[in-house]
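# Understanding the architecture of this molecule
Take a look at the letters that make up each chain.
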Amino acid sequence: MYECQGQSGGGKYFPAASAEPVGEAVYTVDADGEVGCLCFPGGRGELLGRECYGGLDLSSSIDITAFVLVFPPRDDAEKYVFLPYFWIPEENMARRVRRDHVPYDVWEKQGFLETTEGDVIHYGFIESFIEDLGKRFHIKEIAFDRWGAVQMVQNLEGLGFTVVPFGQGFKDMSPPTKRLMELVLERNVAHGGHPVLRWMMDNIFVRTDPAGNIKPDKEKSTEKIDGAVATIMGLDRAIRNEGNKSSIYDERGILILE
């Protein structure tokens, strides 16, 4: 398993969006090409028992599924912490490595990716995994994409979780996506250098509507972005529930980067 993977050299961390276009895709980097140390303060054990919010992006039965826990800061000295988990069917992993030239097998050996038995995703395994996470962390809410998640949502609710539907359109996705941009530019996120999440953030293509709203576009993104979408959903719930007070969106509006 992992605690921290630092970045060597420059490069892009969490390229959710920015004012620096590359073609039609947009990236968030600072003047030095990085966003500073993204290690977990005190290691992952420090997160045990803490309040957090989940984002669940279910795949099709043969694809990768992402679940990300977002831990809001408890004071001004802390960062938002992202704790991601990923699953892929065991029997199609080797085929996907050859076809997509993505090191799923390496990530699985390193503990950054879980496999489920068979050639399709075993949703029951994921439900049990999330149930176990709920015993280690105080998961307040889980946001999910309405598409294809009906049975798992019912099962998670049966396990005692509060599950919140989350739309994938501009209305729901734009505020937390812009907030993620802001947090990155402020160097106010920590994810332990998780390579799968970093890769997915690197894949993002951000779509903009005429009103200036933004959202990740799965169809135009270069590769998988499920972890990025799950992060955005979990971040939204964390912000809206932070301190049981009014949302930061209401207090200060949405940051728009020129």
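Residues numbered from 1 in each chain as written. Predicted model: local features only at pLDDT ≥ 70, side-chain atom pairs only at ≥ 80, totals over all residues. Heavy atoms only, no water.

### Comments concerning the pairing of strand β7 (residues 138-145)
The condition is simple: Only protein chains enter the accessibility calculation, which uses a 1.4 Å probe; a residue is then buried when its area is under 20% of its type maximum, exposed when over 50%, and partly exposed in between. Helix numbers and strand numbers start at the N terminus; a helix is a DSSP run of H or I with at least 4 residues, a strand a run of E with at least 2. Two strands are counted as paired when DSSP detects at least two bridges linking them.
Most of β7 sits out of view: 6 of its 8 residues are buried. Bridge count between strand β3 (residues 51-57) and β7: 6 bridges; the pairing is parallel. The residue bridging C52 from the neighbouring strand is I139, located in β7. Bridge count between β7 and strand β8 (residues 163-166): 4 bridges; the pairing is parallel. Following the sheet pairing, I142 is matched in β8 by V163.

### Overview of the environment of K224
To keep it simple, the criterion reads: We call two residues in contact whenever any of their non-hydrogen atoms come within 4.5 Å of each other. For the purposes of these results, a polar contact is taken to be a pair of N or O atoms within 3.5 Å, where, inside protein, one atom must be able to donate a hydrogen and its partner to accept one; residues adjacent in sequence count only when each atom of the pair is a side-chain atom.
Looking at the element boundaries, K224 is found in the loop between β11 (214-216) and α7 (226-241). K224 gets classed as partly exposed once you look at its relative accessible area, which sits at 22%. For the pair formed by K224 and D63, sequence separation is 161 residues and the distance between their alpha carbons is 9.5 Å. Excluding residues that lie within four positions of it along the chain, K224 makes contacts with D63, I64, R96, Y104, W199, M200 and N203. A distance of 2.6 Å separates a polar atom in the side chain of K224 from a polar atom in the side chain of D63.

### Brief notes about helix α4 (residues 150-158)
To keep things clear, this is the line we draw: Directions drawn from the helix axis to the C-beta atoms are what define this arc.
Buried within α4 we find M152, V153 and L156. All buried residues of α4 lie within an arc of 100° about the axis, which places them on one face of the element. Facing away from the buried side of α4 by more than 90 degrees, the exposed set consists of V150 and G158. Elements in contact with the buried residues of α4: β3, α3 (123-136), β7 and β8. Phi for G160, located one or two positions after α4, is positive at around 100°.

### Focus: the side chain of D63
Mapped onto the elements, D63 comes out in the loop between β3 and β4 (65-71). For D63, a relative accessible area of 14% gives the class buried. Engagement of the side chain of D63 in a polar contact is seen with the side chain of R96, the distance being 2.9 Å. Setting aside residues no more than four positions away along its own chain, D63 makes contact with W87, I88, P89, R96, I121 and K224.

### Brief notes about the packing of aromatic side chains
Rules: Stacked, edge-to-face and tilted are the three classes for Phe, Tyr and Trp ring pairs, Trp counted by its six-membered ring, which pair at centre distances within 6.5 Å; planes under 30 degrees apart are stacked, over 60 edge-to-face, the rest tilted. A positively charged side chain is recorded as over a ring if its NZ (Lys) or CZ (Arg) lies within 6 Å of the ring centre. The angle to the ring normal must also be within 35 degrees.
In this structure the tally under the stated criterion is 7 aromatic pairs. The interplanar angle of 80° and the centroid separation of 5.5 Å between the aromatic rings of F71 and F137 together place this pair among those described as edge-to-face. Placement of F71 in strand β4 and of F137 in the loop between α3 and β7 is noted, with a sequence separation of 66 residues between them. Look at F71 and you get buried, because its relative accessible area is 0%. Each ring, one from Y104 and one from W107, has its centre 6.0 Å from the other, and the planes form 85°; the classification is edge-to-face. Taken together, the positions of Y104 and W107, both in helix α2 (residues 104-110) and 3 residues apart, correspond to about one turn of that helix. Given the relative accessible area of 0%, Y104 is considered buried. Over the ring of F170 we find K215; its NZ or CZ atom is 5.4 Å from the centre of that ring.

Function-wise, these values are silent; they only describe arrangement.
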